[in-house]
Amino acid sequence: MKAIVYNGPFDVSVKNVPDAKIVRPTDALIRITTTNICGSDLHMYEGRTSFEQGRIFGHENLGEVVEVGSGVERLKVGDYVCMPFNVGCGFCENCERGLTGFCLTANPGTAGAAYGFAEMGEWEGGQAELLRVPFADFNCLLLPPDAVEKEEDYVMLSDIFPTGWHATELAGLRPGDSVAIYGAGPVGLMAAHSAIIKGASQVFVVDTHPDRLALAEQMGATGINAVGDAAVQQILDLTDGRGTDCGCECVGYQCCNQHGHEDNSATMNSLVASTKATGGIGVVGVLSRRIPARPAS
């Protein structure tokens, strides 16, 4: 099969690799029809992770079931399914509590597993013609009959929309709340969309890219074209000095300060400063105790 293979920093290519196949009775084999590129893929592409050479990218996947193991009960060949990016077993302590991003089974010795991702287990990615899905009854979201017609919508359920939604969940957003969302990339836009769906009274989206902010404003949000203290002050001015009821960090460690230089703490500091003292914050941007340097391209 053909797949997107990581060769090293800033070097990926389409290569012929051995076909993915059923290994365990609970596996399913998926013919990938749609997959997304994630910002986390770019972290790995830039060599800022421990992603191994020869691995296949891709954790936002949708496709058609072409084979199922003998232990799979819920799926059949021909079904269209979407795969959440995190691999869970469905039966460990964390999965049973709904904390599937911290599965204790799928990546032994670590809490959490994902497809085609650094330090997240053996599972290859779906930027390929075929994908092996473990614990398939648990990890495949069975799609309705309009899956082919709407697959570009349904594939958003693999990662990007749930991540934005989860940011507002972590922040504790309730109907009528005001919220500031840092970052107008795909995650930030999905967080803004989620906040509007949930009935937020004010949705501020902070970024410095006018095209991204224009998309946020089309959704009904208020764009804040600033960073640092300037962004915080605008939000305070628009909330009568109180700050927002809650806020979301949707950028991660590659955020930049007012000078355009990478400053890993910039958005977190601003988020805290623009959220009122009793407010909640939701952080879904990738942060780390060890911020990896960006190799020279």
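To start, this report covers the structure provided alongside it. (Residues numbered from 1 in each chain as written. Predicted model: local features only at pLDDT ≥ 70, side-chain atom pairs only at ≥ 80, totals over all residues. Heavy atoms only, no water.)

Here's the deal with the overall build of the protein chain
Here is step 1: Looking only at helices and strands, the protein chain has nine helices and 12 strands in total.
Here is step 2: Since a compact globule built from 297 residues should have a radius of gyration of about 19 Å, the 20 Å found for the protein chain is in line with a globular shape.
Here is step 3: Across its three principal axes, the protein chain shows a C-alpha extent of roughly 60 × 45 × 35 Å.
Here is step 4: Put simply, the protein chain has 297 residues, and 47% of those count as buried.
Here is step 5: Roughly 14,200 Å² of accessible area belongs to the protein chain as shown, and the carbon and sulfur atoms make up 53% of that amount.
Here is step 6: In the protein chain, 20 positive and 36 negative side-chain charges are present, and the distance between their average locations comes to 4 Å. (Helix = DSSP H or I, 4+ residues; strand = E, 2+ residues; numbered from the N terminus. Rg over C-alpha atoms; globule rule 2.2 N^0.38 Å. Buried < 20%, exposed > 50% of the residue type's maximum accessible area, 1.4 Å probe, protein only. Areas by Shrake-Rupley, 256 points an atom, 1.4 Å probe, with all protein chains shown as cover. Lys, Arg positive; Asp, Glu negative; His and termini not counted. Charge placed at Lys NZ, Arg CZ, Asp CG, Glu CD.)

Re the nonpolar core
Here is step 1: If you look at the biggest cluster of nonpolar residues, it comprises 22 residues, and the most contacted ones within it are Ile30, Met83, Val133 and Cys140.
Here is step 2: Contributing elements (two or more residues each) for this core: β3 (28–35), β5 (80–83) and β6 (130–133).
Here is step 3: The element best represented in this core is β3, accounting for three residues.
Here is step 4: Counting residues in each nonpolar core, the second largest holds 19 residues, with Val179, Ala216, Cys246 and Cys250 among its members. (Core = buried A, V, L, I, M, F, W, Y, C linked by side-chain atoms within 4.5 Å.)

Notes on helix α8 (residues 228–238)
Here is step 1: The complete set of buried residues in α8 reads Ala231, Val232 and Ile235. Along α8, the residues classed as buried sweep out an arc of 100° about the axis, all on the same side. Across from the buried face of α8, at angles greater than 90 degrees, the exposed residues are Asp229 and Asp237.
Here is step 2: Buried positions along α8 lie against β8 (178–182), β9 (202–207), β10 (222–225), β11 (244–249) and α9 (266–274).
Here is step 3: At the C-terminal side of α8, aspartate 240 shows a positive phi close to 55°. (Arc of directions from axis to C-beta. Contact = heavy atoms within 4.5 Å.)

Let's talk about the sheet that holds strand β7 (residues 141–142)
Here is step 1: Spatially, β6-β3-β4-β5-β7 is the arrangement adopted by the five strands of the open sheet, whose pairing is antiparallel. Each end of this open sheet is capped by a strand with a single partner; those strands are β6 and β7.
Here is step 2: Both β3 and β6 contribute to a ladder of four bridges, which runs antiparallel. Bridged to alanine 28 within β6 is valine 133. (Pairing = 2+ DSSP bridges.)

So, the pattern of salt bridges
Here is step 1: Throughout the structure, instances matching the rule amount to 12 salt bridges.
Here is step 2: Residues lysine 150 and aspartate 146 are paired through a salt bridge, measuring 3.2 Å at the closest nitrogen-oxygen approach.
Here is step 3: Here aspartate 146 falls in the partly exposed class, since its relative accessible area comes to 21%.
Here is step 4: For arginine 174, the salt bridge is made with aspartate 177, and the minimal N-O distance between the two is 4.0 Å.
Here is step 5: Residue arginine 174 is classed as exposed on the basis of its relative accessible area, which comes to 57%.
Here is step 6: Salt bridges here are not isolated pairs; linked through shared partners, they connect Asp27, Glu122 and Arg132. (Salt bridge = Lys/Arg side-chain N within 4 Å of Asp/Glu carboxyl O.)

Re the side chain of glutamine 127
Here is step 1: Relative to the helices and strands, glutamine 127 is located in the loop between α2 (93–96) and β6.
Here is step 2: A polar side-chain atom of glutamine 127 sits 3.5 Å from the main-chain carbonyl oxygen of asparagine 36. (Polar contact = N/O pair within 3.5 Å; in protein donor to acceptor, adjacent residues only side chain to side chain.)

Digging into the sheet that holds β9
Here is step 1: Pairing is parallel in the open sheet, where five strands are placed in the order β10-β9-β8-β11-β12. For this open sheet the edge positions go to β10 and β12 (275–283), each flanked by a neighbour on one side alone. Averaged over neighbouring strand pairs, the angle between their axes works out to 25° when direction is ignored.
Here is step 2: One ladder, built from five bridges, connects β11 with β12; its direction is parallel. Paired with threonine 244 across the bridge in β12 is threonine 275.
Here is step 3: On top of the sheet, α9 reaches β8, β11 and β12; it is set at about 145° to β12, its chief contact. (Axes fitted to C-alpha atoms, helices over the stretch in contact; angles between N-to-C directions.)

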